[in-house]
Structure formats: C-alpha cells, structure tokens
Amino acid sequence: MSDHIRNTGPMLASPRCGAKTRSGGACRSPAVRGKKRCRMHGGAPGSGAPKANQNARKHGLFTRDAIAERRRIQALLGEARRMLDEMK
Ligand SMILES: [Zn+2]
C-alpha cells in the first residue's frame, strides 16, 4: 500500500452548492467557479438570466415608481377623507 498522504484540503475547502435537494438537505457538490451553485443546479456556463434582465418586466405595475405613485395617491385620498370627516 502507498504511504502517500493525499492533499485534499483545498478541494474540501472549496465553496459548496447550497441548492435544496429532494431529500431536504443542501446539495454540497462543489460550486462552479465564480458561482454559488454546482454544474447541476444552475451553475453551468451560459445558464441564468443576463445582468439587468428586462425580460421579467411585463407591464411595469410593480416598478418602484408605480408603487410610490399609488402610495402618494392613497395618502392624498386618506387626507381628503379625514378633512371631509372633520367638516361633518
Ligand atoms: Zn448542486
């Protein structure tokens, strides 16, 4: 038998995939370099959406600006209702 000591430290210290498996635990396969998932869980080259992806936007109803505008309108309506209640 060989007395060679296997140097597996760096391999074992590499970042691991954290994808949830069907048995409920984490995947723990080595993550692809520069990614957080292994090759089988979305880390494969070319997978994933491009940066600043606009494909997910369908109608803009939930953009930051649209939400802020709705909030301003609701605040104004609340104020008007309070004013009307005071005039009663
Ligand atoms: Zn994985």
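Everything numeric in this text was worked out from a predicted model, so none of it was measured.

### Considering the domain arrangement of the protein
Right, so step 1: Segmenting the protein into domains produces domain 1 (12–44) and domain 2 (59–88).
Right, so step 2: Taken over C-alpha atoms, the centre of domain 1 sits 45 Å from the centre of domain 2.

### Overview of the coordination of the zinc ion
Right, so step 1: Binding of the zinc ion to the protein goes through Cys17 (SG), Cys27 (SG), Cys38 (SG) and His41 (ND1), at separations of 2.0 to 2.4 Å.
Right, so step 2: For the zinc ion, the 4 donor atoms in the first shell make angles of 103 to 115 degrees at the metal, a pattern classed as tetrahedral.
Right, so step 3: Each donor residue of the zinc ion belongs to the same chain, with the gaps between them written as C-x9-C-x10-C-x2-H. Taken together, the residues Cys17 in the loop between α1 (9–13) and α2 (64–87) and His41 in the loop between α1 and α2 connect sequence positions 24 residues apart.

### A short note on a nonpolar patch on the surface
Right, so step 1: Among the surface-exposed residues, Leu61, Phe62 and Ile67 lie close enough to one another that they form a single nonpolar patch of about 300 Å² accessible area.
Right, so step 2: Looking at the secondary structure, you find Leu61 in the loop between α1 and α2.

### Points about α2
A turn of α-helix holds 3.6 residues, and therefore any two residues three or four places apart point the same way.
Right, so step 1: Taking 1.5 Å of rise per residue, the 24 residues of α2 would be expected to cover 34 Å, and the 35 Å separating its terminal C-alpha atoms lies within 8% of that figure.
Right, so step 2: With 2 of 24 residues buried, α2 lies mostly on the surface of the structure.

Analysis parameters
- Residues numbered from 1 in each chain as written.
- Predicted model: local features only at pLDDT ≥ 70, side-chain atom pairs only at ≥ 80, totals over all residues.
- Heavy atoms only, no water.
- Domains from an automatic or database assignment.
- Donors = N, O, S within 2.8 Å, 3.2 Å for Na, K, Ca; no water.
- Tetrahedral: all angles 85-135°; square planar, octahedral: opposite > 155°, others 65-115°.
- Helix = DSSP H or I, 4+ residues; strand = E, 2+ residues; numbered from the N terminus.
- Patch = residues over 30% accessible without salt bridge, like charges linked within 9 Å, V, L, I, M, F, W, Y side chains within 5 Å.
- Areas by Shrake-Rupley, 256 points an atom, 1.4 Å probe, with all protein chains shown as cover.
- Salt bridge = Lys/Arg side-chain N within 4 Å of Asp/Glu carboxyl O.
- Expected span 1.5 Å × (residues − 1).
- Buried < 20%, exposed > 50% of the residue type's maximum accessible area, 1.4 Å probe, protein only.

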